[in-house]
Amino acid sequence: QVQLVESGGGLVQAGGSLNVSCAASGFVLIHNVMGWYRQAPGKQRELVARIVSNGITNYADSVKGRFTISRDRAKNMMTLHMSALKPEDTAVYYCNTWPRPLRPGYWGQGTQVTVSS
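None of the values given here were measured: they were computed from a predicted structure.

1. Points about the pairing of strand E9 (residues 91-97)
Part 1 of the argument: Among the 7 residues that make up E9, 7 are buried, leaving the element largely enclosed by the rest of the structure.
Part 2 of the argument: The sheet contact formed by strand E4 (residues 34-39) and E9 spans 6 bridges and is antiparallel. Following the sheet pairing, Gly-35 is matched in E9 by Asn-96.

Following this line, the structure appears as structure tokens:
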């Protein structure tokens, strides 16, 4: 069964750093275009970073230069390193395939990131 499990969120002060991780099972992560998404209260879910199968990465303008997406082939995992965090980065962070979810309507439980000012 295909599954995505996010972890690593928490509370951090503005300017700080945090890593969130995504463990994939039931499929090979590096064979897919993978994304980190986030959803803030009252807002739509948005894509913040993407990594394609050849390793090329793309970032939303709001996080460019601050966030780094990476993959671990051996562990079948993906990480989002976030630095210089801002209060507006506060959201639930999810991983999934791009442009469509791994399965129709499927999203993991996400991991909460809260940045205090």
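2. A closer look at the pairing of strand E7 (residues 67-72)
Part 1 of the argument: In the sheet, E7 pairs with strand E8 (residues 77-82) via 6 bridges, with the strands oriented antiparallel. From the neighbouring strand, Ile-69 faces E8, where its bridge partner is Leu-80.
Part 2 of the argument: The hairpin turn running from E7 into E8, its antiparallel successor, is 4 residues long, and Asn-76 in that turn takes a positive phi close to 55°.

3. A short note on the packing of aromatic side chains
Part 1 of the argument: Summed over all chains, the structure comprises 2 aromatic pairs.
Part 2 of the argument: Ring plane angle 90° and centroid distance 4.9 Å describe the contact between Tyr-37 and Trp-107, whose orientation is recorded as edge-to-face. Here the residue Tyr-37 occupies a position in strand E4, and Trp-107 occupies one in the loop between E9 and strand E10 (111-116), the gap between them amounting to 70 residues.
Part 3 of the argument: On the basis of relative accessibility, which here comes to 8%, the residue Tyr-37 falls in the buried class.
Part 4 of the argument: Here Trp-107 falls in the partly exposed class, since its relative accessible area comes to 24%.
Part 5 of the argument: Among the aromatic residues, ring-to-ring pairing joins Tyr-37, Tyr-94 and Trp-107 into one connected group.
Part 6 of the argument: Over the ring of Trp-107 we find Arg-45; its NZ or CZ atom is 3.8 Å from the centre of that ring.
Part 7 of the argument: Sitting over the ring of Trp-98, Arg-50 keeps its end group 4.2 Å from the ring centre.

4. Observations concerning the sheet that holds strand E3 (residues 18-25)
Part 1 of the argument: Overall, antiparallel pairing links the 4 strands, which are arranged E1-E3-E8-E7 in an open sheet. On the outer flanks of this sheet lie strand E1 (3-7) and E7, each paired with one strand and no other. Mean inter-strand twist for the sheet, computed between neighbouring axes without regard to direction, equals 15°.

What counts and what doesn't
- Residues numbered from 1 in each chain as written.
- Predicted model: local features only at pLDDT ≥ 70, side-chain atom pairs only at ≥ 80, totals over all residues.
- Heavy atoms only, no water.
- Buried < 20%, exposed > 50% of the residue type's maximum accessible area, 1.4 Å probe, protein only.
- Helix = DSSP H or I, 4+ residues; strand = E, 2+ residues; numbered from the N terminus.
- Pairing = 2+ DSSP bridges.
- Phe/Tyr/Trp six-rings, centres within 6.5 Å; stacked < 30°, edge-to-face > 60°.
- Lys NZ or Arg CZ within 6 Å of the ring centre and 35° of its normal.
- Axes fitted to C-alpha atoms, helices over the stretch in contact; angles between N-to-C directions.

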